[in-house]
Amino acid sequence: MEINGIEGRAYFAYISPFNRRGIMAKQDSPQQWAADFKAYLEFIRDEEKIKAVNLRAETVAALRRRPAAASAGTRAPAARPVAAPSPTSSTPPPPRRTPVPETAAQPIRPVVVISGKSGGDSAELLSQIAQQIAGCKACGLHATRTNTVPGQGNPRPELMFVGEAPGADEDEQGLAFVGKAGQLLTKMIIAMGFSREEVFIGNINKCRPPNNRPPQPEEMDTCIPYLKAQIAVLKPKVIVALGATAVRGLLKSDIPISKLRGTWQEFEGIPVMPTFHPAYLLRDPTKKVPTWDDLQAVLKKLGRPIPSRKAAEKNPPA
Ligand code: SF4
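Everything quoted here is computed from the prediction, not taken from an experiment.

Peer 1: Please explain helix H6 (residues 180–191) as it appears in this structure.
Peer 2: Every α-helix winds through 3.6 residues per turn, so residues three or four apart in the chain are directed the same way. Look at H6: 17 Å from first C-alpha to last across 12 residues, which is about the 16 Å you get at 1.5 Å a residue. When we look at burial in H6, the residues that qualify are Ala181, Gly182, Leu184, Leu185, Met188, Ile189 and Ala191. Just downstream of H6 lies glycine 193, where phi reads positive at about 95°.

Peer 1: Even after reading the chapter, I still don't get the packing of helix H4 (residues 122–134) against helix H7 (residues 217–234), so can you show me in this structure?
Peer 2: Pairs of packed helices are described in terms of their axes, by the angle between the two and the distance that separates them. At a minimum axis distance of 9 Å, the contact between H4 and H7 shows a crossing angle of 175°. One element, H4, and the other, H7, form an angle in the roughly antiparallel class. Packed against H4, whose contacting residues are Ser122, Leu125, Leu126, Ile129 and Ile133, the element H7 presents Tyr226, Ala229, Gln230, Val233 and Leu234 at the interface. Taken together, the residues of the contact of H4 with H7 break down into 8 nonpolar, 2 polar and no charged.

Peer 1: For this particular structure, what's the right way to read the sheet that holds strand S9 (residues 270–275)?
Peer 2: Backbone hydrogen bonds are what pair the strands of a sheet, in a parallel or an antiparallel way. On the basis of which strands lie adjacent, the open sheet formed by 6 strands has the order S4-S6-S5-S7-S9-S8 and mixed pairing. The strands lining the two open edges of the sheet, one partner per strand, are strand S4 (152–153) and strand S8 (265–267). As defined by bridge partners, S8 adjoins S9 across 3 bridges and the pair is classed as antiparallel. The partner of glutamine 265 across the bridge, within S9, is valine 272.

Peer 1: What's the story with the pairing of strand S7 (residues 238–242) in this structure? I'm lost.
Peer 2: Of all 5 residues making up S7, 5 are buried, and the element is well covered by its neighbours. Examined bridge by bridge, strand S5 (residues 159–163) and S7 share 4 bridges and lie parallel to one another. Looking at the pairing, leucine 159 lines up with valine 238 of S7. Where S7 meets S9, 4 bridges bridge the pair, whose relative direction is parallel. Residue pairing across strands places leucine 242 opposite threonine 275, the latter belonging to S9.

Peer 1: Sorry, what's going on with the environment of threonine 275 here?
Peer 2: Turning to its location among the elements, threonine 275 is positioned in strand S9. Classification of threonine 275 by C-beta neighbours within 10 Å gives buried; the count is 29. Put simply, threonine 275 and serine 258 are 17 residues apart on the chain and 8.2 Å apart in space, counted from C-alpha to C-alpha. Once you skip the residues sitting within four places of it in the chain, threonine 275 turns out to touch Val240, Leu242, Arg261, Thr291 and Asp294.

Peer 1: Whenever I open this one, the pairing of strand S6 (residues 200–203) confuses me. Can you help?
Peer 2: A regular strand places its side chains so that they alternate between the two faces of the sheet. Going residue by residue along S6, you find Phe200 and Gly202 tucked away on one face and Ile201 and Asn203 tucked away on the opposite face as well. Where S4 lies against S6, 2 bridges are found, and the strand directions are antiparallel. Bridged to glycine 153 within S6 is phenylalanine 200. Looking at chain direction, S5 and S6 are connected through 4 bridges and run parallel. Residue valine 162 lies in a different strand from S6, and its bridge partner there is glycine 202.

Peer 1: Teacher, can you tell me more about unusual backbone geometry here?
Peer 2: Trans peptide bonds make up the majority, and among non-glycine residues the majority have a negative phi. One non-glycine residue, asparagine 212, lies in positive phi territory at about 60°. Topologically, asparagine 212 is positioned in the loop between S6 and H7. What makes asparagine 212 partly exposed here is the crowd of 13 C-beta atoms within 10 Å. The phi dihedral of lysine 235 falls on the positive side, at around 50°, and the residue is not glycine.

About the criteria used
Residues numbered from 1 in each chain as written. Predicted model: local features only at pLDDT ≥ 70, side-chain atom pairs only at ≥ 80, totals over all residues. Helix = DSSP H or I, 4+ residues; strand = E, 2+ residues; numbered from the N terminus. Expected span 1.5 Å × (residues − 1). Buried ≥ 20, exposed ≤ 12 C-beta atoms within 10 Å, placed from the backbone. Axes fitted to C-alpha atoms, helices over the stretch in contact; angles between N-to-C directions. Parallel < 35°, antiparallel > 145°, perpendicular 65-115°, else oblique. Contact = placed C-beta atoms within 7 Å. Nonpolar A, V, L, I, M, F, W, Y, C, P; charged D, E, K, R; others polar. Pairing = 2+ DSSP bridges.

Worth remembering: the numbers are spatial, not functional.
Structure representation (structure tokens):
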């Protein structure tokens, strides 16, 4: 089994007393739920090697409220894990009553579960992630979306672009960067010597924030397991982070984009080049020059030829 694209490792589980990724069966007593839930945590810790599980405050409270009942052993055998089946997973062991480590409650992040071997068919794995995104209601942005926007492009790209969230055009079409800013991004990509199909283009948030407001930090935190899972499948050599919000969401940095741009950073072990968002370049064309400098640094990192000034002028990045 792969969780978030990494064998034997997951980031956070989306678990509550009422959603054990999950459903608390209506016929379950709270005691049975607590015992089953602890068994489930033990299972994912031992079998899936999950190191960190975020629990809602209400989950923590529910587990603490009934410790005696939960450990009294007055229930039926624990429910089996709810993660997707895997060709490599073995029969789970019987539950034990050892304490389960817990971490703080917020934010609640989705578990991204994909089946298939690491290094398998990337397009198929990306499609599995997109399907989970399509059904996601982990943050409030689901309520106003028309379509989810998982991102699109080459399933094994050298280069990946990450923005903050879809806008109106993207929400309508279910595709990333297809509005005016997207058209400019296409020019930037072509000026670098790539086609759109050769790179992967996505966002941190997969649903459009109302009125195109920037996504809130907690909304980005909630959604980021999907991006991490995508990156684990895509394995890009370089990520270009587009704009201040995406940079904040990816790098957790409060350094202004005007200072951070052009300096190599890292996300999930992959070099990240922060630069200005194409929408910002549309508003302030004077930032085209430093943006092109950043993209040239990316080309250098990839060992690709830097287009001559003449060629870049022919296909200007902005
Ligand atoms: S923005 Fe992300 S976390 Fe929020 S509902 Fe959409 S897919 Fe789920």
